[in-house]
Amino acid sequence: AVQPGTPVYASQGGLVIFSDFTIDDGHKIIIQHNNNYITVYKHCKSLLKRERDIVVQGELIGLSGNSGKNTTGPHLHFEIWKDGKPQNPKEFFIK
């Protein structure tokens, strides 16, 4: 949970393969990374990158929000996928 408008940064550099509004997930951005990884950022208030943009790790890509039908309040829904399988983001966090 975060306040609406909190900056959302790319967790890793890559190619933006989706950046648009969806009914269920609201403003959503998906980034393709090396080694068949993708990251997904859902329910944003606004998106600052477009499809086919190249982003670097730590670059501002959007602002958190509460958009979409499947939201439960202001937050950032973050996913990591590898080879089409969801990954536990906690496994990638630096402690």
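Since we're looking at a predicted model, the values are computed, not measured. (Residues numbered from 1 in each chain as written. Predicted model: local features only at pLDDT ≥ 70, side-chain atom pairs only at ≥ 80, totals over all residues. Heavy atoms only, no water.)

Chemist: Tell me about a nonpolar patch on the surface, and name the residues and values.
Modeler: The grouping of Tyr 9, Leu 48 and Leu 60 at the surface amounts to a nonpolar patch, some 270 Å² of accessible area in total. With respect to the element layout, Leu 60 can be found in strand β7 (residues 60–63). (Patch = residues over 30% accessible without salt bridge, like charges linked within 9 Å, V, L, I, M, F, W, Y side chains within 5 Å. Areas by Shrake-Rupley, 256 points an atom, 1.4 Å probe, with all protein chains shown as cover. Salt bridge = Lys/Arg side-chain N within 4 Å of Asp/Glu carboxyl O. Helix = DSSP H or I, 4+ residues; strand = E, 2+ residues; numbered from the N terminus.)

Chemist: Would you mind going over the sheet that holds β7 in detail, with residue names and values included?
Modeler: Read from one edge of the open sheet, 3 strands run β1-β7-β5, paired in antiparallel fashion. Either end of the sheet is taken by a strand with one partner, and the two such strands are β1 (7–9) and β5 (46–47). Bridge count for β5 against β7 is 2 bridges, and the pairing is antiparallel. The residue bridging Leu 47 from the neighbouring strand is Gly 62, located in β7. (Pairing = 2+ DSSP bridges.)

Chemist: Account for the pattern of salt bridges, with residues named and values stated.
Modeler: This structure, assessed with the given rule, holds 6 salt bridges. Glu 79 is paired through a salt bridge with Lys 42; the nearest N and O atoms lie 3.1 Å apart. With Glu 79 in strand β8 (residues 77–82) and Lys 42 in strand β4 (residues 37–44), this pair connects stretches of sequence that are 37 residues apart. Comparing Glu 79 with Lys 42 shows no difference in burial state: the two are buried. Ionic pairing is found between Lys 82 and Asp 83, a salt bridge with its closest N-O pair at 3.9 Å. Residue Lys 82 is classed as partly exposed on the basis of its relative accessible area of 23%. (Buried < 20%, exposed > 50% of the residue type's maximum accessible area, 1.4 Å probe, protein only.)

Chemist: Run through the packing of aromatic side chains, naming residues and quoting values.
Modeler: Per the stated rule, a full pass over the model turns up 2 aromatic pairs. Between Tyr 37 and Phe 92, the aromatic rings sit 5.8 Å apart at their centres with planes inclined by 85 degrees, giving edge-to-face as the arrangement. With Tyr 37 in strand β4 and Phe 92 in the segment after β9 (85–87), the pair connects residues that are 55 residues apart, well separated along the chain. Above the ring of Phe 18, the side-chain terminus of Lys 28 is found at 5.6 Å from the ring centroid. (Phe/Tyr/Trp six-rings, centres within 6.5 Å; stacked < 30°, edge-to-face > 60°. Lys NZ or Arg CZ within 6 Å of the ring centre and 35° of its normal.)

Chemist: Just give me the short version of the environment of Gly 65, but keep the residues and values in it.
Modeler: For Gly 65, the position within the fold is in the loop between β7 and β8. Assessed through its relative accessible area of 2%, Gly 65 is described here as buried. Each C-alpha atom, one on Gly 65 and one on Lys 82, is 26 Å from the other, the two residues being 17 residues apart in sequence. Leaving out residues up to four positions away in the same chain, Gly 65 has contacts with Pro 4, His 43, Cys 44, Lys 45, Gly 73, Pro 74 and His 75. (Contact = heavy atoms within 4.5 Å.)

Chemist: Provide a residue-level description of the nonpolar core, including the pertinent values.
Modeler: Nonpolar side chains tend to gather and get buried jointly when the protein is soluble and globular. The biggest cluster of nonpolar side chains holds 8 residues, and these are Val 8, Ala 10, Val 16, Ile 29, Ile 31, Tyr 41, Val 55 and Ile 61. The residues contacting Val 16, other than those within four sequence positions of it, are Ile 29, Ile 30, Ile 31, Lys 49, Arg 50, Glu 51, Arg 52, Asp 53 and Val 55. (Core = buried A, V, L, I, M, F, W, Y, C linked by side-chain atoms within 4.5 Å.)

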